[in-house]
Amino acid sequence: MSAPDDRPPHSRARYWRVPRRRRRWVALVGWTLWMLIALAVAIPAGAYIYLDDTLDAAAPDTPEARAARAATRPVLPGKPTNVLLMGSDTRPDEGDGGRSDTLIFVRMDPKRNLVSMLSFPRDLWVQIPGFGEGKLNSAYSQGPAVTIKTVEELTGEPVNAYVIVDFQGFASLVNAVGGVYLDVDRRYFNENLGTAATNYAPIDLQPGLQKLNGNDALDYVRYRHTDSDYARIVRQQQFLSELKRQTKQLDNLTNITSFRRIFGENIQTSIQNPRRFLGLLELALTAPKDRIARVSIEGYSDSVNGASVERADQSEIDAKVAEWKDPEFVQEADESEKPKTPAETHVTVMNGSGRLLVADRAARLLGDKRYQTAVAGNAPDFDYPSTAVYYRDGFREQARRIASMMGPTATATPLDEGANGNDVVLVVGSDWTGELAAPPPVKESRPPADVVSTTGLVAPIRSGRAGAPGLRPMAPLKVARGSDVRIVRAYRIGGGTGPSAMKVVFRVHVGGAAKYWGIGMTTMENPPIVEGYTGRYTSGGREYFTYYDGRNLQRLLFRSGGVTYWVSNTLTNDLSAKTIEEIAKSMRPLNRAKLPARTTDTPIAVETEGSTP
């Protein structure tokens, strides 16, 4: 195999050196960025001097820590930084390796001002380098360096830095930032009575807007016993989003010494340069919420030697990795990311298969479809069994369409290196048949609403409002199709004489699994749930605030008469944005909650204190 030549094969063609292909195996699970956020709010400008000592305390001089730091790879200035976050019940320097209870692989891209998180089931069955097959979380018992190597081999992506935190550190840091307000989606309860059905961690959380302390937050993010591991991943990522949004408003902690102790005793990190650390924190804090992508692998259940494990098909893994590297957003950051037409797309075509004139033929066929094509000769080698399409910012959709026309095994990948003037680079692989397939139809970007009309919520909300004095409830006249009501809870935030609030928990079945969405309202002045909106618009005399997380609408909110009202999506964002909008726009005061003439009133099952599940 000849070495790559930096000179262009054709002097008049733009040239870009194709990166060598790597295997894209992935196995990860989720954790959160909260420990980084907490540090950022803990360090005012005058306390910068403390950071150096704090990072030293978080980088112990132990064999395990030295090996883990050595396993990380440097990152070039301005390039994305991949940070592996590991949550464990035991620090590796305490003599007991334990297991990584949760992991998250975070891609921080300062150029595009985005943060992307990739999560996998912790019980995913993987190949652990040097130790054979096992569950992903068991790699940590061999030391964090083995986890890093496992992640790198699985993803084909470098780990540039890592952070390890134990459970006590999580609880302490949440307490240190004063707790986190969260709109809990449903009732979480378990009293461990020593029976098989209750033999897991106790938890007692009511649905609705409330401030979670460290222990309650830990119970919430670790819970997974009556739902899936995937649901737990989503809860962890949701908690991250709320923590980031709320701690962004804080200037500092009241006790820097206390924070430094928490950080030094409960967190380990390879990031020892204060300037680099603060650079990552600045991105974590300033990246808009609609530029934070949450990507998760669901996989499927299986067993190995009688033990329950999770597996994921390679096609699902590959798709999620591609989405992690180049996430899709509903609200794009700038004009350069709007979809381009074929006539606006310059495609450089290279031969990666060694077959005669295949690059010329592919360029000619794409030119017939109005793409601006140029042939750049041979790729650095002919080891391309599958066609590869690389693209720069703003050309994702066209790259995907080109890949689809090149065949079912062709892939589309964003450019990590300089594009050198290229919009799209097509490397023709051995799989190409010599003909273009029909491109897929353009998909509707916003799925339609799926709702039914009902007055079934008026009576239960009217009956429950006595528990929330001063609250003027509204009832929706439309709900997501297939929903039933499990809980109608009127309460005071913080108890006692706190602000009045109400939470209505709806259940809807998606793919055979119960999911929960909700309607909330409160008299609380400036509730934290209002902060961090990603957009606003006026319709029907109301001003609505949108809360997108990447491409998903998590919440739609409006205010009226001193009360804040909102509709929340399921944790896994199963309701379309149009469905949530239709529900919010249908909300009316109880004395005016009537359906228009000739509208079918669909009955809805209601339990005011039902189980979930």
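Anything mentioned here points back to the structure above.
Participant: Report on the overall build of the protein, specifying residues and quantitative values.
Facilitator: Along its length, the protein carries 14 helices and 30 strands. Looking at the protein residue by residue over its 613 residues, the buried ones come to 55%. Here the contacts in the protein between residues at least 6 apart in sequence split such that 73% fall between residues at least 24 apart. Element-wise, carbon and sulfur atoms account for 48% of the exposed surface of the protein, whose accessible area totals about 26,300 Å².

Participant: Any details on the side chain of Ser453? Residues and values, ideally.
Facilitator: Note that Ser453 resides in strand 20 (residues 451–453). Beyond its immediate stretch of four places on either side in the chain, Ser453 contacts Leu477, Lys478, Leu595, Thr599, Thr600, Asp601 and Thr602.

Participant: I'd like a description of the sheet that holds strand 16 (residues 372–378), backed by residues and values.
Facilitator: An order of 16-15-19-17-18 is seen for the five strands of this open sheet, with the pairing classed as mixed. The two strands at the open ends of the sheet, each matched to only one other strand, are strand 16 and strand 18 (411–414). Taking the axes of each pair of neighbouring strands and ignoring which way they run, one obtains an average angle of 20° across the sheet. Pairing of strand 17 (residues 388–391) with strand 18, which is carried by four bridges, proceeds in the parallel orientation. Each residue of the ladder has a partner; that of Ala388, found in strand 18, is Thr411. Helix-sheet contacts for helix 11 (residues 358–368) involve strand 15 (346–351), strand 16 and strand 19 (424–428), and the interaxial angle to strand 15 is about 155°.

Participant: Account for the sheet that holds strand 23 (residues 484–492), naming residues and giving values.
Facilitator: Spatially, seven strands are ordered 23-24-25-29-28-27-26 in an open sheet, and the strand pairing comes out antiparallel. Every other strand in the sheet has two partners, leaving strand 23 and strand 26 (535–539) as the edge strands with one partner each. Ignoring strand direction, the axes of neighbouring strands in this sheet form an average angle of 20°. Sheet contacts for helix 14 (residues 577–585): strand 25 (513–522), strand 26, strand 27 (542–549), strand 28 (552–560) and strand 29 (563–568); angle to strand 28, the most-contacted strand, approximately 15°.

Participant: Tell me what's going on with the environment of Ala466, and back it up with residues and numbers.
Facilitator: Within the fold, Ala466 resides in the loop between helix 13 (458–464) and strand 21 (474–475). Looking at Ala466, the relative accessible area reads 68%, which means it is exposed.

What counts as what
Residue numbers restart at each chain and count upward from 1, following the sequence in its written direction. Thresholds applied to this predicted model are a pLDDT of at least 70 for local features of residues and 80 or more for the giving and counting of side-chain atom pairs; totals over whole chains, interfaces and linings are not thresholded and use all residues. To get the side-chain values, all heavy atoms of the structure are used, and hydrogens and water are removed first. A run of H or I in DSSP counts as a helix once it spans at least four residues, and a run of E counts as a strand once it spans at least two, with each numbered from the N terminus. We call a residue buried when its accessible area falls under 20% of the maximum for its residue type, exposed when it is over 50%, and partly exposed in between, using a 1.4 Å probe and counting protein chains only. Residue contacts are defined here by distance: any two heavy atoms, one from each residue, within 4.5 Å place the two residues in contact. Areas reported here follow the Shrake-Rupley algorithm with a probe of radius 1.4 Å; residue values treat only the protein chains shown as occluding. A pair of strands counts as paired when DSSP detects no fewer than two bridges linking them. Whenever a helix is involved, its axis is fitted only over the stretch in contact; in every case the axis is a line through C-alpha atoms, and angles between N-to-C directions fall within 0 to 180 degrees.

It is worth stressing that arrangement in space is one thing and function is another; only the former is reported here.
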